[in-house]
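# Reading the structure
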Amino acid sequence: FAIVETTGSISVYQKYKDRPVTPAVLNLPDNNDPFPPFVIIDDGTILSQSLDFCGLNKQWVYQILKKEGYRLKDVFLLTSDNRGNYYLVPKEKIKK
């Protein structure tokens, strides 16, 4: 429904029964869902600001690279969330 305010503006409100259900409405506990993934390595370059936001460090990056068997310059994309879940995309080798 809508209300015309005394200033002439219009305020629109959803009916209570049509509001979306949220975890707070259902009294569900907050389980600290991970943040969306951030780009950690972009075309072989470590993005320090993303590391800081995720609470990670360069040592973590080099451990992942060692575990996966890649060098920094061989990584096209590495993303991670604040829980350390990551996704690595290596650079494709150019065929001559």
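Our structure is the block above this text.
This is a predicted model, so every value here is computed, not measured. (Residues numbered from 1 in each chain as written. Predicted model: local features only at pLDDT ≥ 70, side-chain atom pairs only at ≥ 80, totals over all residues. Heavy atoms only, no water.)

### With respect to the sheet that holds strand S6 (residues 86-90)
Read across the open sheet, the 4 strands follow the order S4-S3-S5-S6; overall the sheet is antiparallel. On the outer flanks of this sheet lie strand S4 (45-46) and S6, each paired with one strand and no other. Relative to S6, strand S5 (residues 75-80) is paired through 5 bridges, and the arrangement is antiparallel. In the strand pairing of S6, Leu 77 is matched with Val 89. Across the sheet, helix H2 (residues 58-68) lies against strand S3 (38-42), S4, S5 and S6, angled at about 60° from S6, the strand it touches most. (Pairing = 2+ DSSP bridges. Helix = DSSP H or I, 4+ residues; strand = E, 2+ residues; numbered from the N terminus. Contact = heavy atoms within 4.5 Å. Axes fitted to C-alpha atoms, helices over the stretch in contact; angles between N-to-C directions.)

### Let's talk about the side chain of Ser 50
For Ser 50, the position within the fold is in helix H1 (residues 48-54). Dropping the residues within four chain positions of it, Ser 50 is found in contact with Phe 38, Val 39 and Ile 40.

### A closer look at a nonpolar patch on the surface
Taken together, the side chains of Val 21, Val 25, Leu 26 and Leu 28 make up a nonpolar region of the molecular surface, amounting to roughly 410 Å² of accessible area. Within the secondary structure, Leu 28 sits in the loop between strand S2 (10-12) and S3. (Patch = residues over 30% accessible without salt bridge, like charges linked within 9 Å, V, L, I, M, F, W, Y side chains within 5 Å. Areas by Shrake-Rupley, 256 points an atom, 1.4 Å probe, with all protein chains shown as cover. Salt bridge = Lys/Arg side-chain N within 4 Å of Asp/Glu carboxyl O.)

### Looking at the pattern of salt bridges
Across all of its chains, the model carries 2 salt bridges by this definition. Here Asp 43 makes a salt bridge to Lys 91, at a shortest N to O gap of 3.2 Å. Here Lys 91 lies in the segment after S6 and Asp 43 lies in the loop between S3 and S4, a separation of 48 residues in the sequence.

### Here's the deal with the packing of aromatic side chains
In total, this model carries 2 aromatic pairs according to the counting rule given. Considering the side-chain rings of Phe 38 and Phe 53, the 4.6 Å spacing of their centres and the 55° angle between planes classify their relative orientation as tilted. Of this pair, Phe 38 sits in strand S3 while Phe 53 is found in helix H1, placing the two residues 15 residues apart along the sequence. When its relative accessible area of 27% is taken as the criterion, Phe 38 is described as partly exposed. (Phe/Tyr/Trp six-rings, centres within 6.5 Å; stacked < 30°, edge-to-face > 60°. Buried < 20%, exposed > 50% of the residue type's maximum accessible area, 1.4 Å probe, protein only.)

### Thoughts on the environment of Asn 85
Position of Asn 85 among the secondary structure elements: in the loop between S5 and S6. For the pair formed by Asn 85 and Ala 24, sequence separation is 61 residues and the distance between their alpha carbons is 26 Å. Ignoring sequence-local partners within four residues, the contact set of Asn 85 consists of Thr 79 and Ser 80.

### Here we look at the pairing of S3
Relative to S5, S3 runs antiparallel, the two sharing 4 bridges. Bridge pairing links Val 39 to Thr 79 in S5. Bridging between S3 and S4 involves 2 bridges; their strand directions are antiparallel. Along S4, the bridge assignment pairs Ile 41 with Ile 46.

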